[in-house]
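Close look at the chain arrangement
Given next are the chains, with one letter for each unit.
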Amino acid sequence: MEKAKIKKSGWVSWSEDEVKLLKKLFPRGKAKEIADQIGRPLTAVRQKAYSMGLKTRECHRWSANEVELLKKLYPNENTRSMANKIGRSMGAVMKKASSLSLKNVRRPTPWSRQEENLLKKLYPGNTVREIASQIGRSASAVAGRAHKLELRKARRYPVWSKKELNMLKKLYPSRTAQQIAEQIGRPVQATRLRIVKLGLKKKFRYEESHRVVSGVKQKRCSGCKQWKAENMFYRARYRKDRLAVWCKECANKANKRFHKKRRLAVRD
Ligand SMILES: [Zn+2]
């Protein structure tokens, strides 16, 4: 067989021989075999077949080896990984498994005392994903078990004090969540959540931030609080007055701050 030339940049276009093989074997459900033979990833084979409109014949019979493999994998693996290993679609795998009544075989492995203790220890300070990889169970299994054991995440911040809540209420109409969060010393996410919980609303009245001075329409910037002609604001199609909340100067400054912060974050 003529071998496809592989450039450094990645996968080259399919050779005639490869396409011929694909046409011959793919309808018979042998995507994996094709991938092995021509040395391309299984996903690439599937993609190429799809782009050529090739389909697997659903009725293609499972070989004894495939059935054996399915039975072996079934208790411990999810459908996607089984499909990949067997080289059939997830739908085909599920159908076959149900026709073999495999679904009754699958039972979750019970949690050992040791695993539970580890979970209890790790849960407050780690994400479910981290714990899952450490224990060797799926994230959903870990989350489920934690729920059952009524485990709780450690509170990294104390409950909101009355003083903080009052400050939030006072500041919200004129400040952004980001500014308030910095002032109070809590994460922005938590501050936003609290704002939603308290049902705080910005008091925004059109007349309070719009006026006409000697024939020139002006708007008050909510950043620098200065009255400026409307052409000093960028357009914002989604806003009622079609203008940004901040004047161009404030917006540019904020933009610069954002990018600087991001550059620093990337460098770290
Ligand atoms: Zn401004």
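All values derive from a computational prediction rather than experimental measurement. (Residues numbered from 1 in each chain as written. Predicted model: local features only at pLDDT ≥ 70, side-chain atom pairs only at ≥ 80, totals over all residues.)

**Remarks on the overall build of the protein**
Secondary structure summary: the protein contains 14 helices and 5 strands in total. Scaling as 2.2 N^0.38, a compact globule of 268 residues should have a C-alpha radius of gyration of about 18 Å, whereas the protein reaches 30 Å, well beyond that. With respect to the three principal axes, the spread of C-alpha positions in the protein is 85 × 55 × 35 Å. Relative to its full complement of 268 residues, the protein shows a buried share of 14%. Within the protein, residue pairs in contact and separated by at least 24 positions form 35% of the contacts whose partners lie at least 6 positions apart. (Helix = DSSP H or I, 4+ residues; strand = E, 2+ residues; numbered from the N terminus. Rg over C-alpha atoms; globule rule 2.2 N^0.38 Å. Buried ≥ 20, exposed ≤ 12 C-beta atoms within 10 Å, placed from the backbone. Contact = placed C-beta atoms within 7 Å.)

**Some points on the sheet that holds strand β1 (residues 210–213)**
Here we have 3 strands laid out as an open sheet, ordered β1-β2-β3, and antiparallel in their pairing. Sheet topology places β1 and β3 (227–229) at the edges, where each strand pairs with a single neighbour. Put simply, the sheet's adjacent strands are angled 40° from each other on average, direction ignored. Pairing geometry for strand β2 (residues 216–220) and β3, over 3 bridges, is antiparallel. Each residue of the ladder has a partner; that of Lys219, found in β3, is Lys228. (Pairing = 2+ DSSP bridges. Axes fitted to C-alpha atoms, helices over the stretch in contact; angles between N-to-C directions.)

**Notes on the packing of helix α4 (residues 64–73) against helix α5 (residues 79–86)**
Here α4 crosses α5 at 150°, and the two axes come no closer than 10 Å. Regarding the angle of α4 to α5, the classification is roughly antiparallel. For the pair α4 and α5, the crossing hand works out as right-handed. On α5, the residues touching Glu66, Leu69, Leu70 and Leu73 of α4 are Met82, Lys85 and Ile86. Along the lines of polarity and charge, the residues of the contact of α4 with α5 split into 5 nonpolar, no polar and 2 charged. (Parallel < 35°, antiparallel > 145°, perpendicular 65-115°, else oblique. Left-handed = near helix turned anticlockwise from the far one by under 90°. Nonpolar A, V, L, I, M, F, W, Y, C, P; charged D, E, K, R; others polar.)

**Considerations on helix α11 (residues 177–184)**
Along α11, the residues that are buried comprise Ala177, Ile180 and Ala181. Take α11 and look down its axis: the buried residues cluster within an arc of 100°, on one side only. Gly185 occupies a position one or two residues after α11 and carries a positive phi of about 90°. (Arc of directions from axis to C-beta.)

**Points about the domain arrangement of the protein**
Assigned domains of the protein: these are domain 1 (16–104), domain 2 (113–148), domain 3 (162–198) and domain 4 (206–267). Computed over C-alpha atoms only, the centres of domain 1 and domain 2 are separated by 33 Å. (Domains from an automatic or database assignment.)

**Considerations on the pairing of strand β5 (residues 243–247)**
Counting buried positions along β5 yields 4 of 5 residues, so the element is predominantly enclosed. Here strand β4 (residues 233–235) runs beside β5; their pairing, made up of 2 bridges, is antiparallel. Within β5, the residue paired with Phe233 across the bridge is Cys247.

**Regarding unusual backbone geometry**
In this model, Ser214 sits at a positive phi of 40°, which is unusual for a non-glycine residue. Mapped onto the secondary structure, Ser214 falls in the loop between β1 and β2. Unusually for a residue other than glycine, Lys225 sits at a positive phi of about 65°. On the secondary structure map, Lys225 appears in the loop between β2 and β3.

**Thoughts on the environment of Glu115**
By secondary structure assignment, the location of Glu115 is in helix α7 (residues 113–122). We classify Glu115 as partly exposed; it has 16 C-beta atoms within 10 Å.

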